[in-house]
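Each chain is listed here by its residues.
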Amino acid sequence: MESVEANQSLKIYLALVRCGEVRLIVDSLELLEEVYRGFVCWNKLVSQAQQAATDEEGIHYRGAPRRELPEDCQIADEERLCLAQVEVTAPAYVEIVGLSGPLQSLETYLSNERIDWDRERQEPAEERRLMLEQQRIDTVRDQVELLRGLNYPEIQIREALSKYIFAPLDRLDQFHGLKLHTEEPAPARHMDSAAATRG
């Protein structure tokens, strides 16, 4: 029987110039939900892999590669990200509520200094890209090491990281202005620059 994970809330500043820029708020919430969903699925994958290793304990030879990481990820209604509060006047923020593990991972990631993207090329320079990848792996390092210790193939671990962690965080890093509520508010942007970051 799976244990039910506790919920927590997280407040995140939004970069609004004037009250209630609907598209920016919706884009921010969709992006936060995508990142949250990625962390939830990653945590479920690791938990299922760990359970499978426990179930196979007597029949799996230590050091032999395991079959495959679980691919299916269903998020139950009670695990979905919820909106608890929205403040649309400066300093604007949203308060989201969800499972504690994924929100703690998001909080850890947002609390780190993030790498600026080269807006002209739409990707970071090589040195910054390596720093960014390291920062992302640090957010889930213990779980990556656990999967490696359980002898899951490195290629499967990397594919899962790419799908559930790196891809959503790439989009988060391209969307400027989201900061933890405990930090200084994000600098306000004009509508033209907000539209430009959405592509």
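Residues numbered from 1 in each chain as written. Predicted model: local features only at pLDDT ≥ 70, side-chain atom pairs only at ≥ 80, totals over all residues. Heavy atoms only, no water.

Regarding its fold elements, the chain presents 6 helices and 4 strands. Along the chain, helices and strands appear, N-terminal first, in the series β-α-β-β-α-α-α-α-β-α. Taken across its 199 residues, the chain has 42% of its residues classed as buried. For the chain, the share of sequence-separated contacts (at least 6 apart) that also reach a separation of at least 24 residues comes to 75%. Surface exposure of the chain reaches about 11500 Å², of which carbon and sulfur atoms provide 49%. (Helix = DSSP H or I, 4+ residues; strand = E, 2+ residues; numbered from the N terminus. Buried < 20%, exposed > 50% of the residue type's maximum accessible area, 1.4 Å probe, protein only. Contact = heavy atoms within 4.5 Å. Areas by Shrake-Rupley, 256 points an atom, 1.4 Å probe, with all protein chains shown as cover.)

Detailed conclusions should not be drawn from predicted coordinates in areas where pLDDT is low. Per-residue pLDDT for the chain averages 79, and the proportion of residues at 70 or more is 76%. Between the elements of the chain, mean pLDDT differs from a low of 41, seen in helix H6 (residues 191-198), to a high of 94, seen in strand E3 (residues 93-99). In the model, residues 188-199 has pLDDT below 50 throughout and makes 21 contacts with residues more than four positions away in sequence or in other chains. (pLDDT = per-residue confidence, 0-100.)

Position of Thr139 relative to the elements: it lies in helix H3 (residues 126-139). Each C-alpha atom, one on Thr139 and one on Ser105, is 6.1 Å from the other, the two residues being 34 residues apart in sequence. Setting aside residues up to four positions removed in sequence, Thr139 forms contacts with Phe39, Ser105 and Tyr109.

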